[in-house]
Amino acid sequence: MFKQIRRQFKSRIRYTITLPFFFLAAVLIGLLGIGVTWLTANSLQKQLDQKLQTSATNTGLGLESLESRLLDNLRPVVSAGPNITDNISSTADAFAARDLDQIQKIALTAFSYYNPSRVIAFDLNGVVVVDIARPEVLERSSSVVGSSDLAKVQIVQAVLTGEQDQYGDKYASLLEFGTDPPYTMFFVIAPVKYVTPSGGERIVGAIMYAEPLDSVVQNELPPRNNATITSILDGAGNVLASYPPNTDGNDLTLDEQQISALRALQQDPESDTKTLVDSVTRDGIAFQVMYSPLRIRRNLDGYFAVALPRSDIDNVWINTRLAVGVFIIGALSLIIWTGLQVTRSITTPLGQLVTTALRIKSGDLEGRSFVTSENELGTLAGVLNDMTDRLLDLYRTSRRLGSELSIGGVLQQTTAAVTRLVPDAQLNAMIVTNGQWKHYTVDTETEIHDPFSPATLQSLPSVVDIQQDEAIRYALAELAPNARIVLPLRTQQQSIGILTVASATNQLNVQALSEPLSAVASMTATAMQNANLYSTVQDEAVRKQAILQSIADGVVVFDSDGKIMLTNSAAATMLNTPAPELVGRTFEELQLTPIQGSAEIFASGSTTTFYHSGERILSLSAAPVESQDGRSSGEVLVLHDVTSEREMDRAKTDFIATISHELRTPLTSICGYADLLLRGFAGDLTDEQLDFMRTIRQQGQTMVDVLQNVIIIASIEAGTMTAMPQPQPVFALVDQAVGATRKSIESKNLELNVDVPLDLPYINVDRDHFKIILVQLLDNARRYTQQGSITVRAAKHNDQVRIDVIDTGQGIAINDQQRLFTRFQRGGEQSGLTSKERGVGLGLAIARQLTEGFSGRIAVTSDVGAGSTFSIILPAVSDQQLQSQEYGVVTTA
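So, here is what we can say about the structure in this document. (Residues numbered from 1 in each chain as written. Predicted model: local features only at pLDDT ≥ 70, side-chain atom pairs only at ≥ 80, totals over all residues. Heavy atoms only, no water.)

1. Observations concerning the overall build of the protein
Right, so step 1: The secondary structure content of the protein amounts to 25 helices and 31 strands.
Right, so step 2: Residue burial in the protein is summarised as follows: out of 893 residues, 42% are buried.
Right, so step 3: For the protein, restricting intrachain contacts to residue pairs at least 6 apart in sequence, the fraction spanning at least 24 positions comes to 58%.
Right, so step 4: When the accessible surface of the protein is split by element, carbon and sulfur atoms take 52% of a total near 49000 Å². (Helix = DSSP H or I, 4+ residues; strand = E, 2+ residues; numbered from the N terminus. Buried < 20%, exposed > 50% of the residue type's maximum accessible area, 1.4 Å probe, protein only. Contact = heavy atoms within 4.5 Å. Areas by Shrake-Rupley, 256 points an atom, 1.4 Å probe, with all protein chains shown as cover.)

2. Re helix α16 (residues 514-550)
Right, so step 1: Taking 1.5 Å per residue as the helical rise, α16 with its 37 residues ought to reach 54 Å, and the 54 Å between its terminal C-alpha atoms agrees with that figure.
Right, so step 2: Along α16, the residues that are buried comprise P516, L517, V520, A521, M523, T524, A525, A527, M528, A531 and L548. (Expected span 1.5 Å × (residues − 1).)

3. Section: the environment of E615
Right, so step 1: Relative to the elements of secondary structure, E615 occurs in the loop between β20 (610-613) and β21 (616-626).
Right, so step 2: On the basis of relative accessible area, E615 is assigned to the exposed category, the value being 78%.
Right, so step 3: Expressed as a C-alpha distance, the spacing of E615 and N576, which sit 39 residues apart in the sequence, is 10.0 Å.

4. Side note on the sheet that holds strand β1 (residues 118-123)
Backbone-to-backbone hydrogen bonds join strands into a sheet, with any given pair of strands oriented parallel or antiparallel.
Right, so step 1: Ordered in space as β2-β1-β5-β4-β3, the five strands form an open sheet in which the pairing is antiparallel. The open sheet terminates on both sides in strands that have one partner only, identified here as β2 (128-133) and β3 (171-177). Ignoring which end each strand starts from, the neighbouring axes of this sheet average 25 degrees apart.
Right, so step 2: Two strands pair when backbone bridges link them, and strand β4 (residues 183-195) and strand β5 (residues 201-212) are joined in this way by 11 bridges, in the antiparallel orientation. The residue bridging M185 from the neighbouring strand is P212, located in β5.
Right, so step 3: Where helix α4 (residues 100-114) meets the sheet, its contacts fall on β1, β2 and β5, and the angle it forms with β2 comes to roughly 25 degrees.
Right, so step 4: Strand contacts of helix α7 (residues 213-220): β3, β4 and β5, with the helix running at about 60 degrees to β5, the strand carrying the most contacts. (Pairing = 2+ DSSP bridges. Axes fitted to C-alpha atoms, helices over the stretch in contact; angles between N-to-C directions.)

5. What about the pattern of salt bridges?
Right, so step 1: Within this structure, the stated rule accounts for 17 salt bridges.
Right, so step 2: Where salt bridges share partners, they join D169, K170 and K193 into one cluster. (Salt bridge = Lys/Arg side-chain N within 4 Å of Asp/Glu carboxyl O.)

6. Details of the packing of helix α22 (residues 767-783) against helix α24 (residues 843-852)
Right, so step 1: Where α22 meets α24, the axes come as close as 9 Å, and the angle between the chain directions of the two elements is 145 degrees. By crossing handedness, the relation of α22 to α24 is classed as left-handed. The residues of α24 that touch α22, namely those facing H769, I772, I773, Q776, L777 and N780, are G843, L844, I846, A847, L850 and T851. (Left-handed = near helix turned anticlockwise from the far one by under 90°.)

7. Here we look at the sheet that holds strand β7 (residues 239-243)
Right, so step 1: Strand order in the open sheet formed by five strands is β7-β6-β10-β9-β8, with antiparallel pairing between adjacent strands. Each having just a single partner strand, β7 and β8 (276-282) make up the two edges of the open sheet. Taking each pair of neighbouring strands and ignoring which way they run, the sheet shows an average axis angle of 25 degrees.
Right, so step 2: Relative to β7, strand β6 (residues 229-233) runs antiparallel, the two sharing four bridges. Directly across from S231, in β7, lies its bridge partner S242.

8. As for the packing of helix α13 (residues 407-419) against α16
What describes two packed helices is the angle between their axes and the distance between those same axes.
Right, so step 1: In contact at an axis separation of 9 Å, α13 and α16 are set at 170 degrees when each is read in the N-to-C sense. When the axis of α13 is compared with that of α16, the two are roughly antiparallel. Together, I407, V410, L411, T414, A417 and V418 of α13 and L517, V520, T524, A527, M528 and A531 of α16 make up the contact between the two elements.
Right, so step 2: Tallied by class, the residues present in the contact of α13 with α16 amount to 10 nonpolar, two polar and no charged. (Parallel < 35°, antiparallel > 145°, perpendicular 65-115°, else oblique. Nonpolar A, V, L, I, M, F, W, Y, C, P; charged D, E, K, R; others polar.)

9. Overview of the pairing of β8
Right, so step 1: Across seven bridges, β8 lies against strand β9 (residues 285-296) in antiparallel orientation. Counterpart to D278 in the pairing with β9 is V289.
Right, so step 2: Taking the residues that link successive antiparallel strands as the turn, the β8-β9 hairpin has two residues, and the phi of D283 there is positive, at about 55 degrees.

10. Quick notes on α4
Right, so step 1: A rise of 1.5 Å per residue sets the reference length of α4, with its 15 residues, at 21 Å; its end C-alpha atoms lie 21 Å apart and thus fit the reference within 8%.
Right, so step 2: Every buried residue belonging to α4 is among Q102, I103, I106, A107, A110 and F111, and all of these are buried.
Right, so step 3: Where α4 begins, one side-chain oxygen reaches toward the backbone nitrogen of D101, 3.3 Å away; that side chain belongs to D99. (Polar contact = N/O pair within 3.5 Å; in protein donor to acceptor, adjacent residues only side chain to side chain.)

11. Topic: the side chain of D807
Right, so step 1: Tracing the chain through its elements places D807 in strand β28 (residues 800-807).
Right, so step 2: Of the side chains with opposite charge, K748 comes closest to the buried, unpaired D807, at an N-O distance of 10 Å.
Right, so step 3: Within the structure, D807 has its side chain in polar contact with the backbone nitrogen of G809 (distance 3.0 Å).
Right, so step 4: The contacts of D807, once residues within four sequence positions are left out, are A781, T785, S789, I790, G867 and S868. (Lys, Arg positive; Asp, Glu negative; His and termini not counted.)

In structure tokens form, the structure reads like this:
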């Protein structure tokens, strides 16, 4: 086929050359003269372009050299140490002290030694304190001593404020002095840094070197760039300085369109040219001008232009333009005529080919070319149609393989694809998984021994002709005796098995089929790997589902959006909803009602949350589902049916509450009659009888307090202890609680102090509940303080109010502090109290639970032997809240 294409192509060339031969001969003679002229002019133009490019490069290097030289001269000045011989202090000390005489000496020394055109010194506030310049500079720009106008320049501000960029803290740019007319100078500026006694640095001023731009253009750049004309332009395209100057006006200015074009060239990464070329005429001489960005310290500060005369190029074209014109007109006429003749035989079939190719490119594999001419275009159309047929077949095969989820189905689709290439093909597959080989047909699956070693399998070529490979034919003699072709199955650079193709065709051209068979094998490998993975995943999913369904507790799995994706049968039973209906719901959509007062009376201190689900009571625990990289992908919720346990706990709570009420009544009578006897209502008592009655009174009151705490705990758990929070003044709340405990505190000869300002913000609490909280803390302090004082102090901290109860008791060990607010935890033996005096350990637990009901918290700080401080921290009521009166009922749980 390719020989036929080459033969037709040669025939086409001979026809094309013979027909217009006489015409081409005439054209070539004319074009030869044109070519010589063009080559000469083009060579001269390239030389001129190269000179201009070199001149522009050297101009940029010259400005960089000037910047570098000025900075090199400026660095030793801003960092100079003291000069004892000349009685000059260090630069940093002089500027730090704002010693104008010393700064003047430093500037004069720099001016005389480094010979800049102008030296300007700034103090920290940007005021010019020294301005030394050459006479010719001062003639055009007066001294700026005492002015702070220069400090308004962005670069000067940056230096004085210590800003740095990727090139450091020293800057360079152009600066205009004065306005009538402005005098442009090239300057560098560096900060003066003072090292503080602590080792830090601070900026105390800055020094600037400046050179007139006219002098730079006239003296610094021409020796480097060898340009006839050199000009510096500002960002708006106006000429700032030019050498030699143009007396007729600034003919090198840039307009907005040229500036935009130059910026576009700079920003275009695909452009080979970063400069703008133009031409001007000065004094009758034509110049070629090259514009380039002016970069000072690698920042765009305007533009510069260099120009060279183009007289040599113009002379060549002037002398030959008549002859060139005649030849060009004649050549164009002949070329147009010839092009029309040839185009008619090419454009029509070529357009059809392009249309077909575009259809195929857009994904329309049904597109075909109908060019039938017997030339290279017709041959190309046939090749394009054959390639499209093959692509379409591979695409359809890929789609069919991708939809199969079993190895048998994949093998069936692969067989169909291969039979379109080898009509009598019969395919088998041998797949290795975890070291175990299996032999597959469309309908069967059999375990077999290893036909190859892993190394041999990995080294097989993409297509193996068994007739050409004795070792492979021997290895498959038993498993695939009729095989003719072996296709290795590889996916992700890993061999997973082979396909064997059996065929009775004697003249089978395996080499010609190599490419399509290799493509089919590659797609088959991926499909078989996916089918194998799908089977593995399905087996694993069935196993996990069986485990999940066997769990007695309910399990609910939420995805990252908080929606249920998986449940077990136990969860469906507990939630009274079929499992399929739970999928897709959120937690809020489950019919779960929180149970108030769900803490157990004899719990260890942790609060368990319970929910009603119909007639069941469930406890919930949740854990995040995290991926290997630590990111959360959902949450697992475990439901436990505690209905029977809760019923037993409720009965236990009710029993204890009832017993407590029944015991409190006789104890109250005992304490009351003991008080009457102590007061002498039944006659005088002996000293021994008085001691007995005091003991009865004290122990009876202790039992009353214990029973009172038990009743409170029972009320909390039953959800009957409802709070009515209202904004309350702190002083009144503290006074109420102190009044209730003052007598018992003072009876132990303890000093009771109250430090509560009257102007504290209100707190939103239930008055009776807060009294219980503070009385518990005061009673606790009384119990564990043997001498000294108890202090109640209140203060505002940010948007909270903190009430402290401070005692001078024995203190609390750190280990005891961690469990202090849990139920039935009492003071350690180091307190020195008897078991009865220490109570049963419910008071602090009650105080914590009631405080948390008001969005507050309780904290303790203590050291053994140094007393303790218990703190109640509650949100303060703002003025806006007082006006809105947004308060509600709180049920303590």
